[in-house]
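One letter stands for each residue in the lines below.
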Amino acid sequence: MAVPGSWTLFYDWGCGGNYGTTPMTINANGTWSNGQGYTGAWAQSAGMLIFQFNNSKTTYGGNLASKSVTGIMSTFAGGNGCFYMLEAGAPTAHADALAKGKADSSGKT
């Protein structure tokens, strides 16, 4: 599966069902950026995607399936959570209202 492209990241610190959201661009050169100004590196192998934030230990890892990714993330400093990603074109409007007042994708409030 080709991973580079435009995605929407839905993240939930604590896995309580309260997802924040941000657009995310995954580049073919092994880098990524999101709508909150974060950047980092990513890798894909055997149906898995992992990406890490620059200047941070925050790491996301998940299973690739069709046009989605589902997995877990950690700051490795006490923050853990669940996430999913949808490739560009999938409907995401339902999550926009849920994102207000949540910790951002790196775990910062």
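The structure we're discussing is the one just above.
The shown structure was predicted, so the numbers you read here are calculated from the model rather than taken from an experiment.

Asks: Hey, could you run me through the sheet that holds strand β5 (residues 48–53) in this one?
Replies: Remark on secondary structure: sheet strands pair via backbone hydrogen bonds, oriented parallel or antiparallel. Taken in spatial order, the eight strands of this closed barrel run β1-β2-β3-β4-β5-β6-β7-β8, and their pairing is antiparallel. Averaged over all pairs of adjacent strands, the angle between their axes in this sheet comes to 30 degrees, without regard to strand direction. Sheet analysis places strand β1 (residues 5–13) next to strand β2 (residues 20–26), joined by seven bridges and oriented antiparallel. In the strand pairing of β2, Trp 7 is matched with Met 24.

Asks: Before we go on, may I ask you to explain the environment of Leu 9 in this structure?
Replies: Summarising the element assignment, Leu 9 is placed in strand β1. Here the alpha-carbon distance between Leu 9 and Tyr 84, two residues 75 residues apart in the chain, equals 6.2 Å. Residue contacts for Leu 9: discarding those within four places in its chain leaves Gly 20, Thr 21, Thr 22, Met 24, Phe 51, Tyr 60, Phe 83, Tyr 84, Met 85 and Ser 105.

Asks: For this particular structure, what's the right way to read the state of the cysteines?
Replies: Structurally, a disulfide amounts to a covalent bond that connects the sulfur atoms of two cysteines. Summed over the entire model, instances satisfying the criterion amount to one disulfide. Linked covalently through their sulfurs, Cys 15 and Cys 82 form a disulfide whose S-S length is 1.8 Å. On the sign convention where negative is left-handed, the bridge of Cys 15 and Cys 82, at about 105 degrees about the S-S bond, is right-handed. Residue Cys 15 is located in the loop between β1 and β2, and its partner Cys 82 is located in strand β8 (residues 80–87); the two are separated by 67 residues in the primary sequence.

Rules used throughout
- Residues numbered from 1 in each chain as written.
- Predicted model: local features only at pLDDT ≥ 70, side-chain atom pairs only at ≥ 80, totals over all residues.
- Heavy atoms only, no water.
- Pairing = 2+ DSSP bridges.
- Helix = DSSP H or I, 4+ residues; strand = E, 2+ residues; numbered from the N terminus.
- Axes fitted to C-alpha atoms, helices over the stretch in contact; angles between N-to-C directions.
- Contact = heavy atoms within 4.5 Å.
- Disulfide = S-S within 2.5 Å.

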